[in-house]
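Below, each chain spelled out in residue letters.
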Amino acid sequence: MLLTIDIENKITSFGIFKKDKLMTSFNIMTDTNESADEIGLKFKLILNDKGFDLKEIDNIIISNVVPELSSVYEKISQNIIGRGPIFIGSGVKTGINIRCDNPREVGTDRIIRAVAASSNFKSDCIIIYASTITTIDYINSDKVFMGGLIMPGIDLYQKSIFNESAKLPQVEIRKTDEILGKNTTSSIQAGIYKAYSKAIDGIVAEIISEYSIDEPSIVVTGIHADLLDNKNYMHIPDLGLNGLKLISNLN
């Protein structure tokens, strides 16, 4: 079986594939202070609870945007399969062409999601990754990664209001249909949600207009994907893990 690992700044996602089927997936918090043994034990316990055995894993592929953890996951891979993993990077075939000033600067997390989206759809794709950091990327129907935007996630909107005010409370992030709140809490919630969702909608609309995109596939994924309920958006969980699986097949 194949173990796919997507290491982000706040969350690390794991997926177990048997042939082309995703058997299970789960997330843990990314912690640069944890050792390989600590992460490995946590991973083993979660897998055991799900009915899987580490001995069933024979290949590992990793996307990592936290350089401090590269050696940690190298050791984890050595412990599990007796050799290092495939790290997404220079020399690894992805099947897409990155049309950016410096392709090596494009985060591997964005690349694996682009690979998965371009495989699922033959049309132009706009990919919204809604997490602590939000990215919006455009890959055209010829599998050319045209670029994208990086912006704060909705939880950073929430934290900025709380941290930069003396009296305003920290509120729960939630969707709201009302544009105007009737008390302090609902006013903050409306402001956070509307500012974030309207920003996403406006950016997507501008990309479509500027690049004259005809009927794009608009994909949303990430831990806050459920907050973006635009009827034109398709919610696809585990997009990055599926991208890693496709890249594994190519390599």
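Note that the coordinates shown come from a computational prediction; the quantities given were computed from them, not determined experimentally.

**Q** Any chance you could break down the overall build of the chain for me, citing the residues and the numbers?
**A** What the chain contains, in helices and strands, is 6 helices and 11 strands. Against the globule reference of 18 Å for 251 residues, the chain gives a C-alpha radius of gyration of 19 Å, in line with a compact fold. Its C-alpha atoms give the chain principal-axis dimensions of roughly 60 × 45 × 30 Å. Here the chain holds 251 residues, and 48% of them are scored as buried. Pairs at least 24 apart in sequence give 56% of the contacts found in the chain among residues at least 6 apart. As displayed, the chain has an accessible area near 13,000 Å², and 48% of this comes from carbon and sulfur atoms. When the 26 positive and 32 negative side-chain charges of the chain are each reduced to one mean point, those points stand 4 Å apart.

**Q** Describe the sheet that holds strand β9 (residues 144-152), and please don't skip the residues or the numbers.
**A** In spatial order, the strands read β6-β9-β8-β7-β10-β11; together these 6 strands make up an open sheet with mixed pairing. Pairing within the sheet leaves two strands with one partner each, and these edge strands are β6 (97-98) and β11 (233-235). Two strands pair when backbone bridges link them, and strand β8 (residues 133-139) and β9 are joined in this way by 7 bridges, in the antiparallel orientation. Bridge pairing links Ile133 to Pro152 in β9.

**Q** Let's hear about the packing of helix α3 (residues 108-120) against helix α6 (residues 239-250): which residues, and what values?
**A** Where α3 meets α6, the closest approach of the two axes is 7 Å, and the angle between their N-to-C directions is 80 degrees. In terms of orientation, α3 and α6 fall into the roughly perpendicular class. In this structure, α3 uses Ile112, Arg113, Val115, Ala116, Ala117, Ser119 and Asn120 to contact α6, whose residues at the interface are Leu239, Gly240, Asn242, Gly243, Leu244, Leu246 and Ile247. A class-by-class count of the residues in the contact of α3 with α6 yields 8 nonpolar, 5 polar and 1 charged.

**Q** Lay out helix α4 (residues 154-163) with the relevant residues and their values.
**A** Buried residues of α4: Ile154, Asp155 and Gln158, and no others. For α4, the arc enclosing every buried residue in end-on projection is 105 degrees, short of the 170-degree limit, so these residues lie on one face. If you follow the buried residues of α4, they end up packed against β9 and α5 (184-210).

**Q** Residue-level account of unusual backbone geometry, with values.
**A** In this model, Glu215 sits at a positive phi of 50 degrees, which is unusual for a non-glycine residue. Considering the arrangement of structural elements, one finds Glu215 in the loop between α5 and β10 (217-221). The phi torsion at Asp238 lies on the positive side, around 55 degrees, for a residue other than glycine. For Asp238, the position within the fold is in the loop between β11 and α6. On the basis of relative accessible area, Asp238 is assigned to the partly exposed category, the value being 27%.

**Q** Could you give an account of a nonpolar patch on the surface, naming the residues involved and the relevant values?
**A** A surface patch of nonpolar side chains, about 250 Å² in accessible area, is lined by Ile133, Ile150 and Leu156. Assignment of secondary structure puts Leu156 in helix α4.

**Q** Outline the packing of aromatic side chains, listing residues and values.
**A** Under the defined criterion, the tally for this structure stands at 5 aromatic pairs. Their ring planes at 35 degrees and their centres at 5.8 Å tell us that Phe26 and Phe43 sit as a pair that is tilted. Linking Phe26 in strand β3 (residues 21-29) with Phe43 in helix α1 (residues 36-49), this pair joins segments that are 17 residues apart in sequence. A single burial state applies to Phe26 and to Phe43, both of which are buried. Taken together, the ring pairs in this structure connect Phe14, Phe26 and Phe43 into an aromatic cluster. Across from the ring centre of Tyr129, 3.7 Å away, lies the NZ or CZ of Arg113, which sits over that ring.

**Q** Please give an account of the nonpolar core that cites residues and values.
**A** If you look at the biggest cluster of nonpolar residues, it comprises 25 residues, and the most contacted ones within it are Ile88 and Ile247. Listing elements by their share of this core, those giving two or more residues are α3, β7 (125-129) and α6. Take this core: its biggest share by element is 6 residues, from α3. Not counting chain neighbours up to four residues away, the residues in contact with Ile247 comprise Ile61, Ile88, Val92, Lys93, Thr94, Ile112 and Val115.

The rules behind the values
- Residues numbered from 1 in each chain as written.
- Predicted model: local features only at pLDDT ≥ 70, side-chain atom pairs only at ≥ 80, totals over all residues.
- Heavy atoms only, no water.
- Helix = DSSP H or I, 4+ residues; strand = E, 2+ residues; numbered from the N terminus.
- Rg over C-alpha atoms; globule rule 2.2 N^0.38 Å.
- Buried < 20%, exposed > 50% of the residue type's maximum accessible area, 1.4 Å probe, protein only.
- Contact = heavy atoms within 4.5 Å.
- Areas by Shrake-Rupley, 256 points an atom, 1.4 Å probe, with all protein chains shown as cover.
- Lys, Arg positive; Asp, Glu negative; His and termini not counted.
- Charge placed at Lys NZ, Arg CZ, Asp CG, Glu CD.
- Pairing = 2+ DSSP bridges.
- Axes fitted to C-alpha atoms, helices over the stretch in contact; angles between N-to-C directions.
- Parallel < 35°, antiparallel > 145°, perpendicular 65-115°, else oblique.
- Nonpolar A, V, L, I, M, F, W, Y, C, P; charged D, E, K, R; others polar.
- Arc of directions from axis to C-beta.
- Patch = residues over 30% accessible without salt bridge, like charges linked within 9 Å, V, L, I, M, F, W, Y side chains within 5 Å.
- Salt bridge = Lys/Arg side-chain N within 4 Å of Asp/Glu carboxyl O.
- Phe/Tyr/Trp six-rings, centres within 6.5 Å; stacked < 30°, edge-to-face > 60°.
- Lys NZ or Arg CZ within 6 Å of the ring centre and 35° of its normal.
- Core = buried A, V, L, I, M, F, W, Y, C linked by side-chain atoms within 4.5 Å.

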